[in-house]
Amino acid sequence: MGRLAIIGGSGFSAIAGLEVASSSAETPYGAASAPVARGTMASREVLFLPRHGSPHRIPPHRINYRANIWALREAGAEQIVALAAVGGVTEPFAPGVLAVPHQIIDYTYDRTQTFYDGGEGEVVHVDFTRPYTDSLRDRLIEAGLRTGMPVVGHGVYGATQGPRLETAAEVRRLERDGCDLVGMTGMPEAALARELGLEYAALAFVVNWAAGKGAGEIQMSEIESNLKACAARVERLLTAFAEA
Ligand code: HPA
């Protein structure tokens, strides 16, 4: 098993007991969201990076995804578990559900998508047929089983640009396209990890029904309370994952 890194999303800007490993967030691609933290979880060394910075201040469209993935690799990461707060689009993905998605549709724009950006470098087209690493997904799902917590072991993640939430018509389109979940940070993060040869899987937790799928407008208070409700289960699952 390679060295594990966790990318924290909304609600996870720190994990108790981890200390800052590098004093600088600088990389050849600019500054990562924060210096990489290093610590132990279930007596296994883990790296941690809060995607939105600590405190949470970087919106999804302004995250330097390349610097984040680069910084993790420089710190020794071989596999990345990306935490993701998402909206639920289809029926199995109600608020409170934990899920390990298996596919992605990318609706983002104006984000730097690649390390192979032309100029002096080579032109490279990585395979992305299966955007998440299946062996890592399987281990997340097994960790869920061991803890006795239900985890939906599939799902198509639609990555939207944000920072606003979607319209109801946009969510109906996402559903017609085959999306089950919607979030703002899954891309280009997953593709950049693939470009650097890092294993990558997402652990998503549903914090609201996507626009038009629940009753009325989306309330931030609902998102906040579901984030809190999911946090303890996500940490338990991660601990079980690290133990295996
Ligand atoms: N849409 C996009 N991103 C999200 C949502 C949503 O409804 N909930 C949490 N992240």
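Residues numbered from 1 in each chain as written. Predicted model: local features only at pLDDT ≥ 70, side-chain atom pairs only at ≥ 80, totals over all residues. Heavy atoms only, no water.

As recorded by an unreviewed UniProt entry, the protein chain carries the name Probable S-methyl-5'-thioinosine phosphorylase and is attributed to Thioalkalicoccus limnaeus. Turning to the protein chain, the UniProt record has this under Subunit (unreviewed entry): "Homotrimer." According to the UniProt record, the Pathway (unreviewed entry) comment for the protein chain is "Purine metabolism; purine nucleoside salvage." (UniProt positions renumbered as here; feature names shortened; annotations may be inferred.)

*Asks:* Which residues make up helix α5 (residues 220–243), and what are the values?
*Replies:* Because the α-helix completes a turn every 3.6 residues, residues three or four places apart line up on one side. Compared with the 34 Å implied by 1.5 Å per residue over 24 residues, the 34 Å span of α5 between its first and last C-alpha is a close match. The largest bend along α5 measures about 30 degrees and falls at cysteine 230. (Helix = DSSP H or I, 4+ residues; strand = E, 2+ residues; numbered from the N terminus. Expected span 1.5 Å × (residues − 1). Bend = angle between axes of the 7 residues up to and from the residue.)

*Asks:* Go over the packing of helix α2 (residues 134–147) against α5 with me, naming the residues and quoting the values.
*Replies:* At a minimum axis distance of 8 Å, the contact between α2 and α5 shows a crossing angle of 115 degrees. For the element pair α2 / α5, the angle class is roughly perpendicular. Crossing of α2 over α5 shows right-handed handedness. Along its contact with α2, which presents Leu136, Arg139, Leu140, Ala143, Gly144, Arg146 and Thr147, the element α5 presents Arg236, Leu237, Ala240 and Phe241. Classifying every residue of the contact of α2 with α5 gives 6 nonpolar, 2 polar and 3 charged. (Axes fitted to C-alpha atoms, helices over the stretch in contact; angles between N-to-C directions. Parallel < 35°, antiparallel > 145°, perpendicular 65-115°, else oblique. Left-handed = near helix turned anticlockwise from the far one by under 90°. Contact = heavy atoms within 4.5 Å. Nonpolar A, V, L, I, M, F, W, Y, C, P; charged D, E, K, R; others polar.)

*Asks:* So what's going on with the layout of surface pockets? Which residues, and what values?
*Replies:* Put simply, the largest pocket is a space of about 520 Å³. Lining the largest pocket are 26 residues, and of these Ser10, Ala85, Leu165, Met184 and Ile223 sit closest to its centre. When contributions to the lining of the largest pocket are tallied by element, the ones reaching two or more residues are β7 (79–88), β12 (181–183), β13 (199–209) and α5. Element by element, the count of residues in the lining of the largest pocket is highest for α5, at 4 residues. A breakdown of the residues in the lining of the largest pocket according to their chemical character gives 13 nonpolar, 9 polar and 4 charged. Empty space within the second largest pocket amounts to approximately 200 Å³. Residues of the lining of the second largest pocket, tallied by class, amount to 4 nonpolar, 3 polar and 4 charged. (1 Å grid on protein atoms, 1.4 Å probe; cavity = no way out; pocket = protein on both sides within 12 Å on 5 of 7 lines; lining within 4 Å. Points joined across faces, edges and corners; volume = space filled by probe spheres on them.)

*Asks:* Tell me about the pairing of strand β1 (residues 4–8), residues and numbers included.
*Replies:* Of all the 5 residues making up β1, 5 are buried; the element is thus mostly covered by neighbouring parts of the structure. Residues Leu4, Ile6 and Gly8 of β1 are buried on one face, and the alternating residues Ala5 and Ile7, pointing to the opposite face, are buried as well. Pairing between β1 and strand β6 (residues 44–50): 5 bridges, direction parallel. From the neighbouring strand, leucine 4 faces β6, where its bridge partner is valine 46. In terms of strand pairing, β1 meets β7 through 4 bridges, oriented parallel. Note on β7: the bridge partner recorded for leucine 4 is glutamine 79. (Buried < 20%, exposed > 50% of the residue type's maximum accessible area, 1.4 Å probe, protein only. Pairing = 2+ DSSP bridges.)

*Asks:* Provide a residue-level description of the UniProt feature "binding site: phosphate" (unreviewed entry) in the protein chain, including the pertinent values.
*Replies:* UniProt's feature table lists "binding site: phosphate" (unreviewed entry) at Ser10, Arg51, His52 and Thr185, given in the numbering used throughout. These annotated residues cover 176 residues of sequence, and their C-alpha atoms lie no more than 10.1 Å from one another, placing them together at a single site. When only the residues just named are considered, the largest cavity is lined by Arg51. In this fold, arginine 51 is placed in the loop between β6 and α1 (65–74). On the accessibility criterion, arginine 51 (2% relative accessible area) is buried. The contact partners of arginine 51, leaving out residues within four places of it in the chain, are Ile7, Gly8, Gly9, Ser33, Ile58, Ile63, Asn68, Ala82, Leu83, Thr185 and Glu189. As for its position among the elements, threonine 185 is in the loop between β12 and α4 (189–195). Of the residues examined, threonine 185 reaches a relative accessible area of 7% and is grouped as buried.

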